[in-house]
Amino acid sequence: MRVLGIETSCDETGVALYDSERGLLADALYSQIEMHIEHGGVVPELASRDHVRRLIPLIEQIFHDAGIERGDVDGIAYTAGPGLVGALMVGASTAHGLARAWQVPVLGVHHMEGHLLAPMLEEAHPDFPFIALLVSGGHTQLVEVRALGDYHLLGESLDDAAGEAFDKAARMLSLPYPGGPQIARLAERGNPQRFRFPRPMTDRPGLDFSFSGLKTHTLTAVRKLEAAGELDEQARADIARAFEEAVADTLVIKCRRALDQTGLKRLVVAGGVSANRRLRERLDAMVAKREARAFYPRGRFCTDNGAMIAYVGAQRLAAGERDDTSLRATPRWPL
Ligand code: KG4
Ligand code: ZN
């Protein structure tokens, strides 16, 4: 089964062609980040308009790259949510329009299921069941994945998502959006001994997270140093390091708990924050001690992309799922 996947839930236009037998045939991504930077975050109206501009040319490009005739697919999958409703509508209406023209089935899929299964696109991919840590700008969740579509939520953030905390902490340090990679870069030069930030909710049982306290902690540290006239480049790097260490540690502690609690030996880490190098090092060390294994998507499939949507679509369309004639755009949609 060959499927065109379309992702337009936020500020990335992603498209891909996935073939159940041959794997990923082509993928392309256009990031709007440059456009949103000057606003300090994603402006929904601008995002929708840019998806309209980019989507069709990107789709034409991947058919060309894959060397297959335009429209020669068995189905189309698009992100139906969660996300920005205007942005989602662009992908949904394009998918439905093309499906009607090419007379193939179309299916709206869940963005987070895409992230969850993104490591399946790799040669070394996990078998079911596994634990998945989903860490993006909008979500922080621990999920027990028993099979395709059989997801059991073990814990989630009660306030800010991990990526959101990175983005907000970055803003406090006068770093541009998106903050995760910026904090990671600055933290390289930071001294991990200078500040110690809390590891929220690790001192009590359970698998939920809370990152808003870390944000407040960062703000307090920044203000204190600023008032003392000591917020120099080194101090900013030291804060970035303390923040990154605290988030990574907290995520590792909860993943360890989830593995121990379920007895599972495979951990999948996906979503934008899974690109974080320090987090990966810590997780790799933790799983090695338990004779377990961690799986990550390749770098460019950690953040939003069309390949993960094409993959999920191929599985579900093959199982006979499809949309009726109405398109779907669901801004809030639990996994
Ligand atoms: O999955 P994603 O591309 O979009 C959604 O939120 O669905 O994730 C974006 C998030 C942003 O908050 C960004 O700051 C964070 O992932 N991020 C990182 C890194 N790269 C991206 N956070 C920490 N370290 C990174 N290297
Ligand atoms: Zn995402």
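If you check an unreviewed UniProt entry, the protein chain appears there as tRNA N6-adenosine threonylcarbamoyltransferase from Kushneria aurantia.

Trainee: Describe the nonpolar core, naming the residues involved and giving the relevant values.
Mentor: Residues Leu142, Ile183, Phe197, Phe243, Leu267 and Leu283 are the most contacted members of the largest nonpolar core, which totals 49 residues. By residue number, the principal contributor to this core is helix H8 (residues 233–262), which donates 14 residues. For Leu142, the contacting residues outside a window of four places in its chain are Ile131, Ala132, Leu133, His152, Leu153, Leu154, Gly155, Leu207, Phe209, Lys254, Cys255 and Ala258. In this structure, Ala77, Phe130, Phe301 and Ala314 belong to the second largest nonpolar core, which totals 30 residues.

Trainee: Lay out the layout of surface pockets with the relevant residues and their values.
Mentor: Unoccupied space between atoms shows up once a probe the size of one water molecule is rolled over them. In this structure, the second largest pocket spans a volume of roughly 150 Å³. As for the second largest pocket, its lining consists of 13 residues, of which His110, Glu113, Tyr151, Arg316 and Trp333 are closest to the centre. No other element matches strand S5 (residues 106–110), which puts four residues into the lining of the second largest pocket.

Trainee: Residues and numbers for the side chain of His111, please.
Mentor: Relative to the helices and strands, His111 resides in helix H4 (residues 111–117). A distance of 3.4 Å separates a polar atom in the side chain of His111 from a polar atom in the side chain of Ser9. Reaching out from His111, the side chain makes a polar contact with the side chain of His115 at a distance of 3.0 Å.

Trainee: Break down the site of ligand 1 for me, citing the residues and quoting the values.
Mentor: Around ligand 1, the surrounding shell holds 19 residues, and the nearest of these are Gly137, Asp167, Gly180, Gly272 and Asn276. Taking His111, its side chain carries an N or O atom lying 3.3 Å from an oxygen atom of ligand 1. Asp304 has a polar backbone atom sitting 3.2 Å from an oxygen atom of ligand 1. Burial of ligand 1 by the protein chains amounts to 87% of its free accessible area of 560 Å². For the shell around ligand 1, the secondary-structure elements that each account for two or more residues are H4, helix H5 (162–172) and helix H6 (179–187). When the residues that make up the shell around ligand 1 are grouped by side-chain class, the tally is five nonpolar, 12 polar and two charged.

Trainee: Which residues make up the UniProt feature "domain: Gcp-like" (unreviewed entry) in the protein chain, and what values do they have?
Mentor: The residues that UniProt annotates with the feature "domain: Gcp-like" (unreviewed entry) are residues 24–311. The annotated region residues 24–311 carries 48% helix and 17% strand content, and the separation between its end C-alpha atoms amounts to 8 Å.

Trainee: Tell me what's going on with the packing of aromatic side chains, and back it up with residues and numbers.
Mentor: Counted by the stated rule, this structure contains five aromatic pairs. Seen from their ring centres, Phe63 and Trp102 are 5.6 Å apart, and the 85° between their planes marks the pair as edge-to-face. Taken together, the residues span a long stretch of sequence, with Phe63 in helix H2 (residues 44–66) and Trp102 in helix H3 (residues 85–102) at a distance of 39 residues. The exposure class assigned to Phe63 is buried, which follows from its relative accessible area of 2%. Its guanidinium or amino end placed over the ring of Tyr30, Arg54 lies 4.0 Å from that ring's centre, counting from NZ or CZ. In this structure, Lys254 is placed above the aromatic ring of Phe209, and the distance from its NZ or CZ to the ring centre is 5.7 Å.

Trainee: I'd like a description of a nonpolar patch on the surface, backed by residues and values.
Mentor: Taken together, the side chains of Val85, Met89 and Leu327 make up a nonpolar region of the molecular surface, amounting to roughly 230 Å² of accessible area. Looking at the secondary structure, you find Met89 in helix H3.

Trainee: So, the sheet that holds strand S8 (residues 150–156): which residues are in play, and what are the values?
Mentor: Taken in spatial order, the five strands of this open sheet run S8-S7-S6-S9-S10, and their pairing is mixed. In the strand order of this sheet, the two ends are held by S8 and strand S10 (293–295), each with one partner. In this sheet, neighbouring strand axes are inclined to one another by 25° on average, regardless of whether the strands run parallel or antiparallel. Packing against the sheet, helix H9 (residues 277–289) makes contact with strand S9 (266–270) and S10, and its axis sits at approximately 170° to S9.

Definitions and cut-offs
For every chain, the first residue of its written sequence is number 1, and the numbers climb from 1 along that sequence. All chains are assigned letters beginning with A, and all ligands numbers beginning with 1, in the order in which they are written. This being a predicted model, a pLDDT of at least 70 is required before a residue's local features are given, and a value of 80 or more before pairs of side-chain atoms are given or counted; all residues contribute to the totals for chains, interfaces and linings. Values reported for side chains reflect all heavy atoms of the structure, with hydrogen atoms and water molecules removed beforehand. Joining through side-chain atoms within 4.5 Å is the link that ties buried Ala, Val, Leu, Ile, Met, Phe, Trp, Tyr and Cys residues into a set, and such a set is a nonpolar core. When a residue's accessible area, from a 1.4 Å probe over protein chains only, is under 20% of the maximum for its type it is buried; when over 50% it is exposed; and in between it is partly exposed. A run of DSSP states H or I qualifies as a helix once it reaches four residues; a run of E qualifies as a strand once it reaches two. Both are numbered from the N-terminal end. Contacts are assigned to residue pairs that have any heavy atoms within 4.5 Å of one another. As defined here, a cavity is a set of points on a 1 Å grid over the protein atoms alone where a 1.4 Å probe fits but cannot get out. A pocket is an open set with protein on both sides within 12 Å along at least five of seven lines, and residues line them when an atom is within 4 Å of a point. Grid points are joined across faces, edges and corners, and a volume is the space filled by probe spheres set on the points. Polar contact is defined as a pair of N or O atoms within 3.5 Å, subject to the rule that within protein one atom must be able to donate a hydrogen and the other to accept it, and that residues adjacent in sequence are counted only when both atoms are side-chain atoms. In this text, near means that some heavy atom of the residue lies within 4 Å of the molecule or strand in question. Method for areas: the Shrake-Rupley scheme with a 1.4 Å probe, in which residue coverage is limited to the protein chains shown. Ten residues, namely Ala, Val, Leu, Ile, Met, Phe, Trp, Tyr, Cys and Pro, are considered nonpolar, four, namely Asp, Glu, Lys and Arg, are considered charged, and the remaining ones, Gly among them, are considered polar. UniProt positions are given in the numbering used here, feature names are shortened, and annotations may be inferred rather than shown by experiment. In summary, the pairing rule links any two rings of Phe, Tyr or Trp, Trp by its six-membered ring, whose centres are within 6.5 Å, and it sorts them by plane angle into stacked for under 30 degrees, edge-to-face for over 60 and tilted for everything else. The rule for a charge over a ring is simple: NZ of Lys or CZ of Arg within 6 Å of the ring centre, and within 35 degrees of the ring normal. For patches, a residue must show more than 30% relative accessible area and have no salt bridge; joins then use 9 Å for like charges and 5 Å for nonpolar side chains, namely Val, Leu, Ile, Met, Phe, Trp and Tyr. Whenever a carboxyl oxygen of Asp or Glu lies within 4 Å of a side-chain nitrogen of Lys or Arg, that contact is scored as a salt bridge. If DSSP finds at least two bridges between two strands, the strands pair. Each axis is a line fitted through C-alpha atoms, and for a helix only the stretch in contact is used; angles between axes span 0 to 180 degrees, taken between their N-to-C directions.

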